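# Analysis of the macromolecular model
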Amino acid sequence: MKLLRNMMFLMVAFSLLVVPAMAKPIKVKFSHVVAVETPKGKAAEYLKKLLEERTNGKIKMEVYPNASLYGDREAVEALKMNAIQLACPSFSKFTGFVPQLQLFDLPFLFDSTEHLHKFMDSEWGKKILKLVGSKGLVGLAYWDNGFKVLSNNIRPIILPKDAKGIKFRIMSSKVLEEQFKVIGAIPHVLPFSEVYSALQQGVVDGAENPWSNFYTKKFYEVQKYLTVSYHGYLGYMLVTNKIFMKKLKKAGLDKVFLDSVKEATEYERKLAKELDEYYYNKVKEYGKIQIHVTTPEERKIWKKTMMQIYPKFYDVIGKEFIDAALNTK
Ligand code: LMR
């Protein structure tokens, strides 16, 4: 009798202690298209570390950089179908189903990173995060990259008129298309993973990128001229999907997940600032690319020229969002 009782006790203890410990971890696949050494790449690794440590391995995250799992648009589709659970596409990659996100592509909308953050952290920014909710996604946070520079192989670009006839790679975004058309250039949509070879083979003459993407993808090897124009911003929305959030909630892991996202976001912002400067210096050190930094007078001309496209997007983006961004100071 005593033996039977002991055996039953052991069986209960086994099921309470060992079985949960052996429960399968919840897998999180995070797919992105940039290099590991970028702010997004590094913050993805940091988030993995936080989640795995804080949940004692109950969450297991796999990060796929460099479009090794999915390319640009496919990542958003895969996320909708829960084939992956995290992605951090640039705003332009949402164009097809949340066109309002093109707001962030508008040239000269933000004067500085402080201005941008103020808007992102405002009620307006929160409203925009929620827009993806109608598509089964959950907007978690904004992640930074930086302001963009223009590079090309045809001639130095000092003023907008110098860009006439030059073919630039763009992400799929109507705003970016109009931004290049208004300066007489030719926009050409290409996925990020094809940019290097397109520049090398002359499929396009130039591109616009923040410093970290420009350097880590070695675009400097295949470009002759660079204009520090900082005409527009490239940033991201960290997104998951509703199916995955439900699963986390059921497992009681939603809070630790959201707290870790918050911490990784703070880390990412800080890092983006540091790496922006770091990679700018790396490009300068490389020395084989002719760099022009726009003067305040030139900047005024760029601004006036490019901002002419705004009215075309009052309906698509919503004039109230554009005004709110301009007026957040
Ligand atoms: C691009 O396509 O240029 C960017 O969206 C890549 C990235 O994720 O930074």
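Per an unreviewed UniProt entry, the protein chain carries the name C4-dicarboxylate transporter, substrate-binding protein and comes from Deferribacter desulfuricans.

Another aspect to go through is the site of the ligand. The environment of the ligand is formed by Val 33, Val 34, Ser 90, Asn 145, Met 171, Phe 192, Asn 213 and Leu 234. Residue classes in the shell around the ligand are distributed as five nonpolar, three polar and no charged.

Counted at 1.5 Å a residue, the expected span for helix α12 (residues 314–327) with its 14 residues is 20 Å, but the 16 Å between its end C-alpha atoms falls short. The largest bend along α12 measures about 45° and falls at Phe 321. For α12, the set of buried residues is Ile 317, Phe 321 and Ala 325. If you follow the buried residues of α12, they end up packed against α4 (113–120) and α5 (123–131).

With that settled, consider the pairing of strand β10 (residues 233–241). A large share of β10 lies buried, amounting to nine of its nine residues. Residues of β10 alternate between two faces, with Tyr 233, Gly 235, Met 237, Val 239 and Asn 241 on one and Leu 234, Tyr 236, Leu 238 and Thr 240 on the opposite face, all of them buried.

This part is about the environment of Tyr 64. With respect to the element layout, Tyr 64 can be found in strand β2 (residues 59–64). Classification of Tyr 64 by C-beta neighbours within 10 Å gives partly exposed; the count is 17. Sequence spacing of Tyr 64 and Lys 262 is 198 residues, and the spatial spacing of their C-alpha atoms is 21 Å. Tyr 64 has contacts with Lys 29, Phe 30, Ser 31 and Leu 69, leaving out every residue within four places of it along the chain.

Attention now goes to unusual backbone geometry. Residues other than glycine seldom take positive phi values, yet Asn 56 does so here, at roughly 50°. Residue Asn 56 is classed as exposed on the basis of its 9 C-beta neighbours within 10 Å. Although it is not a glycine, Lys 218 adopts a positive phi angle of roughly 60°. Tracing the chain through its elements places Lys 218 in the loop between α8 (211–216) and β9 (225–228). Taking the number of C-beta atoms within 10 Å as the measure of exposure, Lys 218 has 14 and is therefore partly exposed.

Within the open sheet, the six strands sit side by side as β7-β6-β8-β5-β9-β11. Their pairing is mixed. Edge positions in the open sheet fall to β7 (186–189) and β11 (290–293), since each of these has one partner strand only. The mean inter-strand angle of the sheet, taken between neighbouring strand axes irrespective of direction, is 25°. Here strand β6 (residues 167–170) runs beside β7; their pairing, made up of four bridges, is parallel. Its bridge partner lying in β7, Arg 169 is registered against His 188. Taken strand by strand, helix α6 (residues 174–181) contacts β6 and β7, and its axis lies near 155° from that of β7.

Reading the values: the criteria
- Residues numbered from 1 in each chain as written.
- Predicted model: local features only at pLDDT ≥ 70, side-chain atom pairs only at ≥ 80, totals over all residues.
- Near = placed C-beta within 6 Å.
- Nonpolar A, V, L, I, M, F, W, Y, C, P; charged D, E, K, R; others polar.
- Helix = DSSP H or I, 4+ residues; strand = E, 2+ residues; numbered from the N terminus.
- Expected span 1.5 Å × (residues − 1).
- Bend = angle between axes of the 7 residues up to and from the residue.
- Buried ≥ 20, exposed ≤ 12 C-beta atoms within 10 Å, placed from the backbone.
- Contact = placed C-beta atoms within 7 Å.
- Pairing = 2+ DSSP bridges.
- Axes fitted to C-alpha atoms, helices over the stretch in contact; angles between N-to-C directions.

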